[in-house]
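Spelled out from the first residue to the last, the chains are:
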Amino acid sequence: MIKPSVLVIEDEKSIRNFIAAVLEHNGYGVLQASGGEEGVSMASSYMPDAVLLDLGLPDIDGTEVLKAIRKFSEMPIIVVSARNEEAEKVNALDSGADDYITKPFGTDELLARIRLAMRHIRTSGGQEKVFVLRDLTLDYEKRQVTVRGEEVHLTPIEYKILALLSRNHEKVLTHSYIIKEVWGPYVSDNQALRVNMANIRRKIELNPAEPEYIMTEVGVGYKLV
Ligand code: CA
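First, a word on what this report is: a plain description of the structure on this page.

1. Considering the overall build of the protein chain
Inference 1: Along the backbone of the protein chain there are 8 helices and 12 strands.
Inference 2: In terms of overall size, the protein chain behaves like a compact globule, its C-alpha atoms giving a radius of gyration of 19 Å where 225 residues would be expected to give roughly 17 Å.
Inference 3: Oriented by its inertia axes, the alpha-carbon framework of the protein chain measures out at about 60 × 35 × 30 Å.
Inference 4: The buried share among the 225 residues of the protein chain stands at 48%.
Inference 5: Considering only residue pairs separated by 6 or more positions, the protein chain has 57% of its internal contacts joining residues 24 or more positions apart.
Inference 6: Summed over its atoms, the accessible surface of the protein chain is roughly 11,100 Å², and 50% of this surface lies on carbon and sulfur atoms.

2. Description of the nonpolar core
Inference 1: Counting 30 residues, the largest nonpolar core has Leu138, Ile161, Leu165, Ile178 and Ile214 as its most contacted members.
Inference 2: Elements with a contribution of two residues or more to this core: strand S6 (130-133), strand S7 (136-139), strand S8 (144-147), helix H6 (156-167), helix H7 (175-183), helix H8 (191-204) and strand S12 (221-224).
Inference 3: Sort the elements by how many residues they give to this core and H6 lands first, with 7 residues.
Inference 4: With near-sequence residues (within four places) excluded, Leu165 lies in contact with Leu173, Ile178, Met197, Ile214, Tyr222, Lys223 and Leu224.

3. Some remarks on helix H2 (residues 36-46)
Inference 1: Inspection of H2 places Gly36, Gly39, Val40, Met42, Ala43 and Ser44 among the buried residues, and these make up the whole buried set.
Inference 2: Here the buried face of H2 lies against strand S1 (5-9), strand S2 (29-33), helix H3 (62-70) and H7.
Inference 3: Trailing H2 by a residue or two, Met47 shows a phi angle of about 45 degrees, which is positive.

4. Concerning the coordination of the calcium ion
Inference 1: Protein coordination at the calcium ion comes from Asp11 (OD), Asp54 (OD) and Gly56 (O), with a distance range of 2.2 to 2.4 Å.
Inference 2: On the basis of relative accessibility, which here comes to 28%, the residue Asp11 falls in the partly exposed class.

5. What about the sheet that holds strand S3 (residues 50-54)?
Inference 1: The strand order S2-S1-S3-S4-S5 describes an open sheet built from 5 strands, whose pairing is parallel. Bordering the open sheet on either side are S2 and strand S5 (99-102), each of which pairs with just one other strand. Between one strand axis and the next, the sheet turns by 20 degrees as a mean value, whatever way the strands run.
Inference 2: In this sheet, strand S4 (residues 77-81) lies alongside S3 in parallel orientation, the contact comprising 4 bridges.

6. Comments concerning the pairing of S1
Every regular strand shows the same layout, with side chains that alternate between the two sheet faces.
Inference 1: Extensive coverage of S1 is indicated by the burial of 5 of its 5 residues.
Inference 2: Here S1 shows two buried faces, one formed by Ser5, Leu7 and Ile9 and the other by Val6 and Val8.
Inference 3: Pairing of S1 with S2, which is carried by 5 bridges, proceeds in the parallel orientation. Paired with Ile9 across the bridge in S2 is Ala33.
Inference 4: Between S1 and its parallel partner S2, the chain crosses via helix H1 (residues 13-25), and the hand of that crossover is right-handed.
Inference 5: Note: S1 against S3, 4 bridges, orientation parallel. Of the residues in S3, the one forming a bridge with Val8 is Leu52.

7. Structural notes on the pairing of S3
Inference 1: Of all 5 residues in S3, 5 are buried, a share of seventy percent or more.
Inference 2: The alternating pattern of S3 places Ala50, Leu52 and Asp54 and Val51 and Leu53 on opposite faces, both of which are buried.
Inference 3: Where the polypeptide runs from S3 across H3 and back to S4, its parallel neighbour, the crossover connection is right-handed.

8. Considerations on the side chain of Arg143
Inference 1: Assignment of secondary structure puts Arg143 in the loop between S7 and S8.
Inference 2: On the basis of relative accessible area, Arg143 is assigned to the buried category, the value being 9%.
Inference 3: Of the polar contacts made by the side chain of Arg143, one reaches the side chain of Asp49; its length is 3.2 Å.

Calculation notes
- Residues numbered from 1 in each chain as written.
- Predicted model: local features only at pLDDT ≥ 70, side-chain atom pairs only at ≥ 80, totals over all residues.
- Heavy atoms only, no water.
- Helix = DSSP H or I, 4+ residues; strand = E, 2+ residues; numbered from the N terminus.
- Rg over C-alpha atoms; globule rule 2.2 N^0.38 Å.
- Buried < 20%, exposed > 50% of the residue type's maximum accessible area, 1.4 Å probe, protein only.
- Contact = heavy atoms within 4.5 Å.
- Areas by Shrake-Rupley, 256 points an atom, 1.4 Å probe, with all protein chains shown as cover.
- Core = buried A, V, L, I, M, F, W, Y, C linked by side-chain atoms within 4.5 Å.
- Donors = N, O, S within 2.8 Å, 3.2 Å for Na, K, Ca; no water.
- Pairing = 2+ DSSP bridges.
- Axes fitted to C-alpha atoms, helices over the stretch in contact; angles between N-to-C directions.
- Right-handed = clockwise from strand over helix to strand, strands pointing away.
- Polar contact = N/O pair within 3.5 Å; in protein donor to acceptor, adjacent residues only side chain to side chain.

Keep in mind these values describe shape, not function.
Written out as structure tokens, the structure reads:
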């Protein structure tokens, strides 16, 4: 099972550390940013499964961070606001936040909000829950991949690429399409995709030099068959 990842954008170190500790203890992978610009850039490079965004940041306004992330991703974003920031909270929801949580909050509330936000995204679209192709199985709900009966440990990015290929199997996906879907519009070089694809093949193919699942369409992209 692949750990879901949460990006915490919060300038107050003690709060950030508290949230990170709670999430890690509960099985999440945590990314941390102490400012808005760093947060946007981490969101686009790592494509976390959810974002916890403090509205009161020192460099750019939390709502601007939200709008910047929404330009490239629909990832769940939960805004964190102080009691006296009602207007900012509403503004954030209008700008595309999925949910909000008000300081001070307890660990149960925090975990419940994150679970809920992630469930929204995972059940939207009404797609099938499990993909099976010969000896390869993807369980989208558990984010679990098995090959020849053995669980395969993929990184979150590797999983996203394989899940994308499986949802479009038998179809050629171009390099730029995969990059846009996985990393967002601000990444344009193929290097990271090539490296990740080599790793996926090493993990799922019997012989990565003669792949049976992921085919290369030279100069175009990849196809799962
Ligand atoms: Ca703050």
